[in-house]
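# Observations on the three-dimensional arrangement
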Amino acid sequence: MASSIEARDISRRRGAGAQLRREEDPASRAFTGGDALVKTLLDHGVDTAFGVPGESYLAVLEALRGAQDRLRFVVTRHESGATFAACAYGRLAQKPGVAFVTRGPGATNGAIGIHTARQDSVPLLLFIGQVPSGQRGREAFQEIDYHRMLGPLTKAVFEPQTPQEVADAAAEAHAIAMDGRPGPVAVSLPEDVTEGAAGNAPPPELRTRSPRRPAPEAVDDIARRLAQAERPVVLAGEMVGFEGANAALAAFAEAHGVGVLSSFRQQGVVPCAHPAYLGTLGLALPPYQETLLAEADLVLALGTRLDLATTVDDRVTEEARFVIHVYPDGDALAAAGGDLQVCADVMPVLEGLIAAAPEAPPAPRSAWRAAQRAAFDAFRQKVAAPALGAVDLAAVVQTLTEQVPADATIVNDAGNFSTWLLRHYPYEHPLSQAAPAVGAMGYAMPGAIGAQLARPGKRVVALAGDGGFGMTGQELITAVGNRLPIVVLVCDNGGYGTIAMHQHTRYGAGATYGIALDRPDFAAAARAWGADAWTVAATEEFAPALEGALAADGPTLIHLITDMRDLAASGVKMQ
């Protein structure tokens, strides 16, 4: 954002034309590149966008003002809030989340949400105001080359050169964001390109995503290997939810008697209560998963790119006897190195495998899966170690399970507090979880805004640590301004707990350094911003606080005073 002096300088540079544009009748002004952009978004079904306004895209803001009855523009307090919200929205709506930021600092602030969308395989469109075309290449005020900056983080970067090219660039960006493996696309918009007359060119063709279908022999090969396996397990990931293949996955698991593990932070691929569900993978293997994976003779990876968090730095796949990998992106397949690679969407593969299912699953296979399910149930229900602090996060999650509606979405930040949630909370539907597989701190608060707008009328509960909330917690103001009934839990242990755990584990007792945080009164801050808030310093205080928060008609916050000694749900303690 420019200072007031810089804004006056820009006004003088534009001269009298700027004054004329301010005074002209909006109904008589030319159809601009900004108008073309907004019309294209509306034609593609976009009805929600997030952003921070900037002088570099005033013509787009004017077009958004004219379309405000059809496209809701949610103004956030920081560009990271805009892109995080768009990322969560895109994940749950299964269509591109949209964010607008200004040039330079706006784009750099928003880059964290782009990185999250990339590694989480979420469709997202980022529109960036850019310096005027005539100033390009001179290190103009706030100028950045977005092809160089954002190329590695996105599927594509566009920069239309004329107002007539804006609509086509937006339509192409939308199509690419959804195609194959979904992900983020950036569109850089030079100021003169959005302000110039776009003419009356025909609108771009609407392109829907075309599914990638496997070769028939590939499905036959998978079916043959599956039939030969005695203890197969499915590892299901992000494409299952994106394609809406959850019911098909459950039907496949029932027909073949296979167990299902979800990839990192993709719980809900099948309901937690489903007898085929055996838990989630990520970062470390609990003992029951060590046994499960050692005994499994086939891993069928469906719709997961087999990232290193899911595979515990490749351990899961390298130790597996045979890995079949189904994913709609050749680069991801090559990077993971499965034994049989199938470049395809999940749904057509599942349909073929369901058609090839036996009359009944082999009895030994079903018995093995039942034994693994019993081990998972015991793991999920057991509290690894008693809490040392006055607030027991295992009991907190149990209360969430009892009070939060089953059709809610739980949004969580990165941090060790989430290990209790991921171990003990039952995710029972495909949209029950929104969390950054990339591990980005600061996701939860703005992500909850995106989740609530993607699922109006459904309950959204966000969990953040004091570190992550300190990064983007001001977006609670955005939730208050938009009257979004989000419940936010801040788990405050006075420091960066994940780093403390690693320091303690690697270097021993007393080795923590650089992780301490002051403990402000988050509840008081929330009240100052207009939200109802509670402070919970003992476990028994949480249930009535949550009941009050769920009964409120606007955003609420519960400040949980937790203890740094309770490092993780695995039972790791720092004495």
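Our structure is the block above this text.
The rules behind each value
Residues numbered from 1 in each chain as written. Predicted model: local features only at pLDDT ≥ 70, side-chain atom pairs only at ≥ 80, totals over all residues. Heavy atoms only, no water. Pairing = 2+ DSSP bridges. Helix = DSSP H or I, 4+ residues; strand = E, 2+ residues; numbered from the N terminus. Axes fitted to C-alpha atoms, helices over the stretch in contact; angles between N-to-C directions. Contact = heavy atoms within 4.5 Å. Phe/Tyr/Trp six-rings, centres within 6.5 Å; stacked < 30°, edge-to-face > 60°. Buried < 20%, exposed > 50% of the residue type's maximum accessible area, 1.4 Å probe, protein only. Polar contact = N/O pair within 3.5 Å; in protein donor to acceptor, adjacent residues only side chain to side chain. Salt bridge = Lys/Arg side-chain N within 4 Å of Asp/Glu carboxyl O. Right-handed = clockwise from strand over helix to strand, strands pointing away. Core = buried A, V, L, I, M, F, W, Y, C linked by side-chain atoms within 4.5 Å. Arc of directions from axis to C-beta. Parallel < 35°, antiparallel > 145°, perpendicular 65-115°, else oblique. Left-handed = near helix turned anticlockwise from the far one by under 90°. Nonpolar A, V, L, I, M, F, W, Y, C, P; charged D, E, K, R; others polar.

## Digging into the sheet that holds strand β4 (residues 124–130)
- Strands sit in the order β2-β1-β3-β4-β6-β5 across an open sheet of 6 strands; the sheet is parallel. Each of the sheet's edge strands pairs with one partner strand only, and the pair in question is β2 (72–75) and β5 (156–158). Averaged over all neighbouring strand pairs, the angle between strand axes comes to 20°, with direction disregarded.
- In the packing of helix α8 (residues 166–178) onto the sheet, the strands contacted are β4, β5 and β6 (184–190), and the crossing angle to β6 comes to about 165°.

## Some words on the packing of aromatic side chains
- For the structure shown, the criterion picks out 10 aromatic pairs.
- With a centroid separation of 5.5 Å and an interplanar angle of 90°, the aromatic rings of Tyr277 and Phe376 are classed as edge-to-face. Highlighted residues: Tyr277 in strand β9 (residues 277–280) and Phe376 in helix α17 (residues 363–381), separated in sequence by 99 residues. The pair formed by Tyr277 and Phe376 is uniform in burial state, with each residue classed as buried.
- An angle of 40° between the planes, with centres 5.2 Å apart, marks the rings of Tyr288 and Phe379 as tilted. Residue Tyr288 is found in helix α13 (residues 287–295), and its partner Phe379 is found in helix α17; the two are separated by 91 residues along the sequence.
- On the accessibility criterion, Tyr288 (9% relative accessible area) is buried.
- Taken together, the ring pairs connect Tyr57, Phe73, Phe100 and Phe127 into an aromatic cluster.

## Some thoughts on the side chain of Ser418
- The topology assignment puts Ser418 in helix α19 (residues 418–424).
- Separated by 2.6 Å, the side chain of Ser418 and the backbone oxygen of Gly415 make a polar contact.
- Contacts of Ser418, omitting those with residues within four sequence positions, involve Arg265, Asn412 and Asp413.

## A few points about the pattern of salt bridges
- In the structure shown here, the tally under the stated rule is 20 salt bridges.
- Among the salt bridges present, the one from Arg103 reaches Glu191, with a minimum N-O distance of 3.6 Å. On the criterion of sequence distance, the pair formed by Arg103 in the loop between β3 (97–101) and α6 (105–120) and Glu191 in helix α9 (residues 191–195) is long-range, its members being 88 residues apart. Across the pair, Glu191 and Arg103 agree in class, each one buried.
- In this structure, Arg207 engages Glu172 in a salt bridge whose closest nitrogen and oxygen atoms are separated by 2.4 Å. Of this pair, Arg207 sits in the loop between α9 and α10 (216–228) while Glu172 is found in helix α8, placing the two residues 35 residues apart along the sequence.
- Of the residues examined, Arg207 reaches a relative accessible area of 43% and is grouped as partly exposed.
- Connected through shared salt-bridge partners, Glu55, Arg103 and Glu191 make up one network.

## Quick word on the pairing of β2
- Where strand β1 (residues 48–51) lies against β2, 4 bridges are found, and the strand directions are parallel. Bridge pairing in β2 places Ala49 opposite Phe73.
- For the segment spanning β1, helix α4 (residues 58–66) and β2, crossover handedness is right-handed.

## Thoughts on the environment of Leu300
- Inspection of the secondary structure puts Leu300 in strand β10 (residues 298–302).
- Of the residues examined, Leu300 reaches a relative accessible area of 2% and is grouped as buried.
- In sequence terms Leu300 and Phe50 are 250 residues apart; their C-alpha atoms lie 38 Å from each other.

## So, the sheet that holds β10
- Read from one edge of the open sheet, 6 strands run β9-β8-β7-β10-β11-β12, paired in parallel fashion. Across the chains shown, the open sheet's two edge strands, defined by having one partner strand only, are β9 and β12 (340–343). Put simply, the sheet's adjacent strands are angled 20° from each other on average, direction ignored.
- Strand direction decides the pairing type here: strand β7 (residues 232–236) and β10, joined by 5 bridges, are parallel. Within β10, the position partnered with Leu235 by the bridge is Ala301.
- Packing of α10 onto the sheet brings it into contact with β7, β10, β11 (323–327) and β12, and relative to β12 it is tilted by some 140°.
- The strands touched by α13 are β7, β8 (259–262) and β9; relative to β9, the strand with the most contacts, the crossing angle is about 120°.

## Topic: the pairing of strand β18 (residues 556–561)
- Across the 6 residues that make up β18, a large majority, 5, are buried.
- Taken together, the 6 bridges between strand β16 (residues 486–492) and β18 define a ladder with parallel strand orientation. Bridging from a neighbouring strand, Leu489 pairs with Ile558 of β18.
- Two elements, strand β17 (residues 532–536) and β18, share 5 bridges in a ladder whose sense is parallel. Counterpart to Val536 in the pairing with β18 is Leu560.

## Some details on the nonpolar core
- Ile222, Val234, Leu249, Phe252, Val260, Leu300 and Leu302 are the most contacted members of the largest nonpolar core, which totals 61 residues.
- Setting aside residues no more than four positions away along its own chain, Leu300 makes contact with Ile222, Val233, Val234, Leu235, Phe252, Ile324, Val326 and Leu353.
- Listed in part, the 50 residues of the second largest apolar core include Cys87, Ile128, Ala448 and Ala462.

## Considerations on α13
- Among the residues making up α13, those that are buried are Tyr288, Gln289, Leu292 and Leu293. Projected down its long axis, α13 shows its buried positions confined to an angular sector of 125°, all on one face. When the buried face of α13 is taken as reference, the exposed residues oriented beyond 90 degrees from it are Pro287 and Ala294.
- Looking at the packing, one finds that the buried side of α13 touches β7, β8, β9, α14 (315–319) and α17.

## Description of the packing of helix α5 (residues 79–93) against α6
- In the contact formed by α5 and α6, the axes pass within 7 Å of each other and the chain directions differ by 25°. If you check the angle between α5 and α6, you find them roughly parallel. Crossing geometry of α5 relative to α6 is assigned as right-handed. Along the contact surface, α5 presents Glu79, Ser80, Thr83, Phe84, Cys87 and Arg91, while α6 presents Gly106, Asn109, Gly110, Ile112, Gly113, Ile114, Thr116, Ala117 and Asp120.
- When grouped by side-chain class, the residues that make up the contact of α5 with α6 number 5 nonpolar, 7 polar and 3 charged.

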